[in-house]
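Working through the structure, step by step
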Amino acid sequence: MIKIVGQKVELKEANQQDIDDLYYWKYEDKKQEAKKWNGPYIPETKITKEEFKINWDKDYEIAPNTPNSLIIFVGNKLIGTVGSYWVDKNTNWLETGIVIYDKNYWNGGYGTEAYKLWIDFLFSSTDLHRLGMSTWSGNVRMMKVAERIGMKEEARIRNARMVDGEYFDAIKMGMLREEWEEKQGIDKSKASFLMH
């Protein structure tokens, strides 16, 4: 069972109760505050709790002993998730993301720490060459989080997203393994042993 402990948050693999709690945040919470920021331009159809559990388990590992998602906890309280999916396995390119569902934990550094722990875990437990993330220009907080952990803006597709009847740019940000290693102060001659 993977458990990554930070100063403010812990990242853990989900148990059955966690999946039920996530279902609540994703589909049953009346306010749906996170959806206003996390891909509000993507139409989402409500699925059953059973379908949600099946989807959660599908393609669970992106690499041996590396799950595609972990749950973010503050103490015993589930506040969100970090996740990933393959863009191109041939070039070791993974897309990543984070959602803090409980808005009481927005703007307190919880998301930044959780996302950094996740990116560090993915690079240190795999041989990924690059990690990326996608958002929209209205989600300034997400762009700042990605920038803080060392991602660079790589593409801006003008007026490609529509939120509440207004056009926004689609934003792509990313980080190469060598940039992550440099930020970590990892000696490249010793870096290969980290992946064994």
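Structure's up top.
Here we summarise the structure given alongside this text. Predicted, not measured: the structure shown is a model, and the values here were computed from it.

In terms of regular secondary structure, the protein chain is built from six helices and 10 strands. Whereas a compact globule of 196 residues would reach a radius of gyration of roughly 16 Å, the protein chain reaches 17 Å, a difference of no more than 12%. With respect to the principal axes defined by its C-alpha atoms, the protein chain has extents near 50 × 40 × 35 Å. A total of 196 residues make up the protein chain; the buried ones form 47% of that total. Taking the contacts inside the protein chain whose residues are at least 6 apart along the sequence as the reference set, 60% of them involve residues at least 24 apart. Surface accessibility of the protein chain: about 11100 Å² in total, with carbon and sulfur atoms responsible for 49%.

Among the eight residues of strand β7 (residues 93-100), six are classified as buried, and the element is accordingly described as predominantly covered. Here strand β6 (residues 77-88) pairs with β7 via eight bridges, running antiparallel. Counted as the bridge partner of Ser 84 is Thr 96 from β7. The antiparallel pairing of β6 with β7 creates a hairpin that spans four residues between the two strands, and Asn 92 there sits at a positive phi of about 55°. Assessed by its sense of winding, the connection that carries the chain from β7 through helix α3 (residues 110-125) to strand β8 (residues 130-136) is right-handed.

Under the counting rule described, the total for this entry stands at 13 salt bridges. Across the pair Lys 116 and Asp 120 runs a salt bridge, and its minimum N-O distance is 2.6 Å. Of this pair, Lys 116 and Asp 120 both sit in helix α3, four residues apart, which is roughly one turn of that helix. Judged by relative accessible area, Lys 116 falls into the partly exposed class, the value being 35%. Judged by its relative accessible area of 17%, Asp 120 is buried. A salt bridge links Glu 154 to Arg 130; its shortest N-O distance comes to 2.7 Å. Of the two residues, Glu 154 is situated in strand β9 (residues 152-163) and Arg 130 in strand β8; the sequence distance between them amounts to 24 residues. With relative accessibility at 43%, the residue Glu 154 sits in the partly exposed group. The exposure class of Arg 130 is buried, given its relative accessible area of 14%. Here the salt bridges share partners, and the residues they tie into one network are Lys 3, Glu 10 and Lys 12.

Our next topic: the packing of aromatic side chains. Within this structure, the stated rule accounts for 11 aromatic pairs. Ring plane angle 70° and centroid distance 5.4 Å describe the contact between Tyr 24 and Trp 25, whose orientation is recorded as edge-to-face. We classify Trp 25 as buried; its relative accessible area is 17%. With a centroid separation of 4.8 Å and 85° between ring planes, the pair formed by Trp 136 and Phe 168 is classed as edge-to-face. Placement of Trp 136 in strand β8 and of Phe 168 in strand β10 (residues 166-176) is noted, with a sequence separation of 32 residues between them. The exposure class assigned to Trp 136 is buried, which follows from its relative accessible area of 3%. The exposure class of Phe 168 is buried, given its relative accessible area of 18%.

Conventions used here
- Residues numbered from 1 in each chain as written.
- Predicted model: local features only at pLDDT ≥ 70, side-chain atom pairs only at ≥ 80, totals over all residues.
- Heavy atoms only, no water.
- Helix = DSSP H or I, 4+ residues; strand = E, 2+ residues; numbered from the N terminus.
- Rg over C-alpha atoms; globule rule 2.2 N^0.38 Å.
- Buried < 20%, exposed > 50% of the residue type's maximum accessible area, 1.4 Å probe, protein only.
- Contact = heavy atoms within 4.5 Å.
- Areas by Shrake-Rupley, 256 points an atom, 1.4 Å probe, with all protein chains shown as cover.
- Pairing = 2+ DSSP bridges.
- Right-handed = clockwise from strand over helix to strand, strands pointing away.
- Salt bridge = Lys/Arg side-chain N within 4 Å of Asp/Glu carboxyl O.
- Phe/Tyr/Trp six-rings, centres within 6.5 Å; stacked < 30°, edge-to-face > 60°.

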